[in-house]
Amino acid sequence: MEYTTQMDAARKGIVTKEMKKVAEKEQFDVKELMALVAEGRVAIPANKNHCCLDPNGIGSMLRTKINVNLGTSRDCRDLDMELDKVNNAVKMGAESIMDLSSWGDTQKFRRKLTAECPAIIGTVPIYDAVVYYHKALKDITTEEWLKIVEMHAQDGVDFMTIHVGINRRTADRFKENKRLMNIVSRGGSIIFAWMEMTGKENPFYEHYDRILDICRKYDVTISLGDACRPGCIDDATDISQIEELVTLGELTRRAWEKDVQVIVEGPGHMPLNQIEANMKIQQTICKGAPFYVLGPLVTDIAPGYDHITAAIGGAVAASCGASFLCYVTPAEHLRLPDLNDVKEGIIASKIAAHAADIAKGIRGAADWDRRMSEARKKLDWEKTFELSIDPEKARTYRAAAKPEKEDTCSMCGNFCAVKNMNRILDGEIVSIFDE
Ligand code: SF4
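Model, not experiment: these values are computed from the prediction. (Residues numbered from 1 in each chain as written. Predicted model: local features only at pLDDT ≥ 70, side-chain atom pairs only at ≥ 80, totals over all residues.)

**Some thoughts on the site of the ligand**
So the rule is basically this: Should the C-beta atom of a residue, placed from the backbone, lie within 6 Å of a molecule or strand, that residue is near it. Only Asp, Glu, Lys and Arg are considered charged in this grouping, and only Ala, Val, Leu, Ile, Met, Phe, Trp, Tyr, Cys and Pro are considered nonpolar; every other residue, Gly among them, is considered polar.
Every residue lining the ligand is accounted for by T408, C409, M411, C412, C416, A417, V418 and K419. Residue classes in the shell around the ligand are distributed as six nonpolar, one polar and one charged.

**Regarding the UniProt feature "binding site: [4Fe-4S] cluster" (unreviewed entry) in the protein chain**
Heads up, the rule is: UniProt positions are given in the numbering used here, feature names are shortened, and annotations may be inferred rather than shown by experiment. In this scheme every C-beta is placed from the backbone, and a residue whose C-beta has 20 or more other C-beta atoms within 10 Å is buried, one with 12 or fewer is exposed, and one in between is partly exposed.
Residues given the UniProt feature "binding site: [4Fe-4S] cluster" (unreviewed entry) here are C409, C412 and C416. A residue is classified by how many C-beta atoms lie within 10 Å of it, and C409, with 18 of them, is partly exposed. Judged by the 19 C-beta atoms lying within 10 Å of it, C416 is partly exposed.

**Topic: the UniProt feature "binding site: Zn(2+)" (unreviewed entry) in the protein chain**
Basically, it comes down to this: Strands are runs of DSSP state E lasting at least 2 residues, helices are runs of H or I lasting at least 4, and numbering of each runs from the N terminus. Contact between two residues is assigned when their C-beta atoms, built from the backbone, lie within 7 Å.
Annotation from UniProt places "binding site: Zn(2+)" (unreviewed entry) at H269 and H333. Spanning 65 residues, the named residues form one tight spatial group whose C-alpha atoms are at most 12.3 Å apart. Looking at the secondary structure, you find H269 in the loop between β6 (262–266) and α13 (272–285). Here H269 falls in the buried class, since 25 other C-beta atoms lie within 10 Å of it. Setting aside chain neighbours within four positions, we find H269 in contact with P230, G231, C232, I233, A236, G295, P296, L297 and D300. Structurally, H333 is set in the loop between β8 (324–326) and α15 (339–360). Not counting residues up to four positions away in its chain, the partners in contact with H333 are P303 and D306.

**Remarks on the pairing of strand β4 (residues 159–162)**
Cut-off, in case you're wondering: Only strands joined by at least two bridges in the DSSP assignment are considered to pair.
Of the two faces of β4, the one holding F159 and T161 and the one holding M160 and I162 are both buried throughout. Two strands pair when backbone bridges link them, and strand β3 (residues 120–123) and β4 are joined in this way by two bridges, in the parallel orientation. By the bridge assignment for β4, G122 is matched with F159. Pairing analysis gives four bridges linking β4 to strand β5 (residues 221–224), with the strands arranged parallel. Residue pairing for β5: T161 is matched across the bridge by S223.

Set out below in C-alpha cells:
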C-alpha cells in the first residue's frame, strides 16, 4: 500500500476511493477536498478493516454530520434491540454510530457493526476495558489500557474517543477550581478515578505516541475526548474546560505530525451566548480540526426534552464552525433511549445540522428547502410528504384531521392563503365566505 492514512495519502497527492466518494457526495472537486484532508481540516474516518463502510467527510466546510450513540448497559442488555436501533439510525440518514456498550460480549457486537454497518463506527475503548478485564478499575494496568485500543482498531473501528487531554496537570487544575457538576464525561470520570487511585499519569497521555502508532497503522481517526466538558451551564467555559482544550490543541498537532486524522470533542452544557466564542477558541487552538459537539445543551431544566435543548445549541454551534453533532434524545439524563427516543433524537439533530448548513452556505443545502417551498406553493401534498424530514409523521398529522377541501388543510380551510393567492394571481374570483 502506498499510504497509511487518508491524511498521509492526501499529503502525498494520492486520491483514495474514499476521497472520490466524499467529493461526489459533497459536490466538491476532489483536489480541493484532498487539500483539506492534508491540512487536517477535514477527516474521513475509514479504518482499513471496515470493508463495508460508505465513507463520509467531517469538516466545517462540508455538510454537518450527525452521530448516534447506542449500545448495551448493565440495565438494558438486549443486543437485538440495539441492532434495530442501528438499522433505523442508518435508514434515517445518521452518518455515524458510536457503540458505547458497557455490558456483555462487546467485541461480538462491535465486530458485527464493522462487518455489516455502512455508517462510520466509533467507540470509547475506556468503557470497554472495564467490561473486558472483569476487574477493579485501579487494577487495570497501563499495558491493558493500550491493548484495548489496539483491539478496537483491529476490529475495524473508524474513530475512537480517547480521553487523553485530562493529564495530571488538568486534574490538579480541576481540583483547585471547584465546579458545580464535577466531571460528567463517563470516560473522563473513569480515567480521573484511575489516576487518583494509582497516583499515575493518564496512560493515554503518557503513551500518546503509541496510541498514534496504532491509529496510523489501521487509519483510525482519533477523537480527542473532552473529559472536562461542562455538565451544566454554570460550569461552561471554566478553567478546567479551557485547560483541557489547550492540551487538546497540542495533541492535535502531534497527531497530524504522524498523519493521524483528528476530531476534537466539545461541550456539553453551555448558555447560548457562549457558544460562538467557544467555537472560535477551539478552531484557533486546534488549528481548524473538525469539532464534534455533544449538544451543546443550552439549558439544564428540560429533562424529557433535551433533544430540543441540544438541537438549539447544535444549530448555533454548527453555524459557527462545528462539523459533527452528537445526537441527544428525550431520554438524556433519564434512561437508555428506546427506539422512539432514538428516532426523536436523530430528527432533532438532523434539523439542527441542516439549519446550520443553510446558514453556512454549504453547497446544495438550501435546495431541499426550495423544493419544499415549491411543493407547498402548489399545495402538492404528496411531494410535501416526500420532502419532509419525517414523511411518516407528516402523513399521520394530515390524515388525523382531514380538511373539507382536499387542496387546503384543516388549519385555515377556506382561508388558505396559499390557495387564495394562487387563484387571485391566476385571475380567478376569491370569495372565501360562500366557497
Ligand atoms: S390551510 Fe393554511 S396552513 Fe394549511 S396549507 Fe393553506 S395556508 Fe397553509
